[in-house]
Amino acid sequence: MSASDDQTLKVWDARTGMERLTLSGHTYGVFGCAISPAGDFIVSASYDGTLKVWDTRIGEEQRTLRGHTDWIRGCAISPAGDFIVSASGDNTLKVWDAYTGAYLCTLYVNGPLTACAFHPDGAHIVAAGEGGVYFLRWVR
């Protein structure tokens, strides 16, 4: 899987190196992406300030997540595949329900964020950006 400044994501066959899908729908470059542990959906993060959730079986957009007030460069999916976290230039991380797209909470930091990941326990998030590296606990 790859994200691109051309506003698309591409899904590649790992064995052959051939392109399987091109996912289009963002209005600015896509700078982050993650695939669910089960491989059934992808989330993408864009400079258009949105996240998109894609069905990998049919290559279609399932939903758009809105709530950040600036670009989004990082996204991750929890180890169980039930939550999404996004890292934004608005100095926040947002946590979303992966199945419904519902917004769950916002975590504030001291600068724009460019990357994020869930800890294997699913209850902690690590994020990095201009303000440093953060290790945060969030409550479900």
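Given the structure is predicted, the values throughout are model-derived calculations rather than measurements. (Residues numbered from 1 in each chain as written. Predicted model: local features only at pLDDT ≥ 70, side-chain atom pairs only at ≥ 80, totals over all residues. Heavy atoms only, no water.)

Regarding unusual backbone geometry
What counts, and what does not: Helix and strand definitions here come from DSSP, where helices need a minimum of 4 consecutive H or I residues and strands a minimum of 2 consecutive E residues; each element is numbered from the N-terminal end. Using a 1.4 Å probe on the protein chains alone, a residue whose accessible area is under 20% of its type maximum counts as buried, one over 50% counts as exposed, and one in between counts as partly exposed.
Positive phi is not limited to glycine here, since glutamine 7 has a value of about 80°. With respect to the helices, strands and loops of the structure, glutamine 7 is situated in the loop between strand E1 (2-3) and strand E2 (8-12). Taking the relative accessible area as the measure of exposure, glutamine 7 reaches 32% and is therefore partly exposed. Not every positive phi belongs to a glycine, and asparagine 91 is a case in point at roughly 70°. Tracing the backbone through its elements, the reader meets asparagine 91 in the loop between strand E9 (83-88) and strand E10 (92-97).

Regarding a nonpolar patch on the surface
Threshold: The patches described consist of residues with a relative accessible area above 30% and no salt bridge, like charges being joined within 9 Å and nonpolar side chains (Val, Leu, Ile, Met, Phe, Trp, Tyr) within 5 Å. All accessible-area figures derive from a Shrake-Rupley calculation using a 1.4 Å probe, and residue coverage is judged against the displayed protein chains alone. Every case where a carboxyl oxygen of Asp or Glu lies within 4 Å of a side-chain nitrogen of Lys or Arg is listed as a salt bridge.
The grouping of Tyr28, Phe31 and Tyr47 at the surface amounts to a nonpolar patch, some 310 Å² of accessible area in total. Relative to the helices and strands, tyrosine 47 resides in the loop between strand E5 (41-46) and strand E6 (50-55). Taking relative accessible area as the criterion, tyrosine 47 reaches 34% and is therefore assigned partly exposed.

Thoughts on the nonpolar core
The following threshold applies: In plain words, nonpolar cores are sets of buried Ala, Val, Leu, Ile, Met, Phe, Trp, Tyr and Cys residues tied together by side-chain atoms within 4.5 Å. Pairs of residues are marked as contacts when any of their non-hydrogen atoms sit within 4.5 Å.
Formed by 17 residues in total, the largest nonpolar core has its most connected members in Val85, Leu93, Ile125 and Trp138. Going through the elements one at a time, E9, E10, strand E11 (103-108), strand E12 (113-118), strand E13 (124-129) and strand E14 (132-137) are the ones with two or more residues in this core. Residues in contact with valine 85, not counting those within four places in the same chain, are Gly74, Cys75, Ala76, Leu93, Lys94, Val95, Cys116, Phe118 and Ile125. Counting residues in hydrophobic clusters, the runner-up holds 13 residues, among them Ala34, Ile77, Trp96 and Ala98.

A word on the sheet that holds E5
Cut-off, in case you're wondering: We call two strands paired when DSSP finds no fewer than two bridges between them. Here an axis means a line fitted to C-alpha atoms, over the contact stretch when the element is a helix, while the angle between two N-to-C directions is reported on a 0 to 180 degree scale.
One open sheet holds the 4 strands; their spatial order is E4-E5-E6-E7, and the pairing between them is antiparallel. For this open sheet the edge positions go to strand E4 (30-35) and strand E7 (60-66), each flanked by a neighbour on one side alone. Geometrically, the sheet is characterised by an average inter-axis angle of 20° between neighbouring strands, direction not taken into account. Judged from the 5 bridges that link them, E5 and E6 form a sheet pairing that is antiparallel. By the bridge assignment for E6, serine 44 is matched with lysine 52.

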